[in-house]
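Here are the chains, one letter per residue:
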Amino acid sequence: MNETQTITFSIPSRLELLPVLDRLVQGINAEMGFEDEEADAISISIIEAGTNAIQHGHKRDASKIVDFRFDLHDDRLEVTVHDSGPGFDIDAVTEADPTLPDGLLRCSGRGIFIMRQMMDRVDFDFSRGTSVRLLKQKRTNGRA
């Protein structure tokens, strides 16, 4: 693959459609040749981002669409998940580490924590709704 391939995918804000998204992500992971551990991290992170868009961004309003953009590069996968929700205070959601005692009982913030642990980069943009950009570098011999 010597040039970037772009795949776009949109679904109504319905949690029961996330397995369809997961199948697409599995196919992309296979196409790009990600190892099992990397592929699992990518799948978990994208499903988490999609779940957040549906539950928090759109409040499960099936009339609203969640958009996914996959940019397949030779050396990395970049994914953008976009919803039309109002956004949120990223610092308030991520201020406590959910693995520490003061964060264990929190009801939010775990998904963002998981995405940040599993992906190489996670960025948020609240300029037009909410977009999260996930990046995973391809590894060679266990290294990026």
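For the structure itself, consult the block above.
This is a predicted model, so every value here is computed, not measured.

The rules behind these values
- Residues numbered from 1 in each chain as written.
- Predicted model: local features only at pLDDT ≥ 70, side-chain atom pairs only at ≥ 80, totals over all residues.
- Heavy atoms only, no water.
- Salt bridge = Lys/Arg side-chain N within 4 Å of Asp/Glu carboxyl O.
- Buried < 20%, exposed > 50% of the residue type's maximum accessible area, 1.4 Å probe, protein only.
- Core = buried A, V, L, I, M, F, W, Y, C linked by side-chain atoms within 4.5 Å.
- Helix = DSSP H or I, 4+ residues; strand = E, 2+ residues; numbered from the N terminus.
- Contact = heavy atoms within 4.5 Å.
- Arc of directions from axis to C-beta.

Asks: Can you tell me about the pattern of salt bridges, naming the residues and giving the values?
Replies: Scanning the entire structure with this criterion turns up eight salt bridges. The partner of Arg69 in a salt bridge is Asp71, with the nearest N and O atoms 3.0 Å apart. Arg76 is paired through a salt bridge with Asp75; the nearest N and O atoms lie 2.8 Å apart. With a relative accessible area of 21%, Arg76 lands in the partly exposed category. The structure contains a network of salt bridges with shared partners spanning Asp75, Arg76, Glu78, Arg121, Asp123 and Arg133.

Asks: Report on the nonpolar core, specifying residues and quantitative values.
Replies: One finds Ile46, Phe68, Phe70, Leu77 and Leu134 to be the most contacted residues of the largest nonpolar core, which totals 29 residues. Those elements that provide at least two residues to this core are strand E1 (5–12), helix H1 (18–32), helix H2 (36–57), strand E2 (65–72), strand E3 (76–83), helix H4 (110–118) and strand E5 (130–137). The dominant element in this core, judged by the number of residues it contributes, is H2, at six residues. Leu77 has contacts with Ile28, Asn29, Met32, Phe34, Ile42, Phe70, Asp71, Leu72, Leu134, Leu135 and Lys136, leaving out every residue within four places of it along the chain.

Asks: I'd like a description of H4, backed by residues and values.
Replies: For H4, the set of buried residues is Gly111, Ile112 and Met115. Buried residues of H4, seen end-on, are gathered within an arc of 100 degrees and therefore sit on one face of the element.

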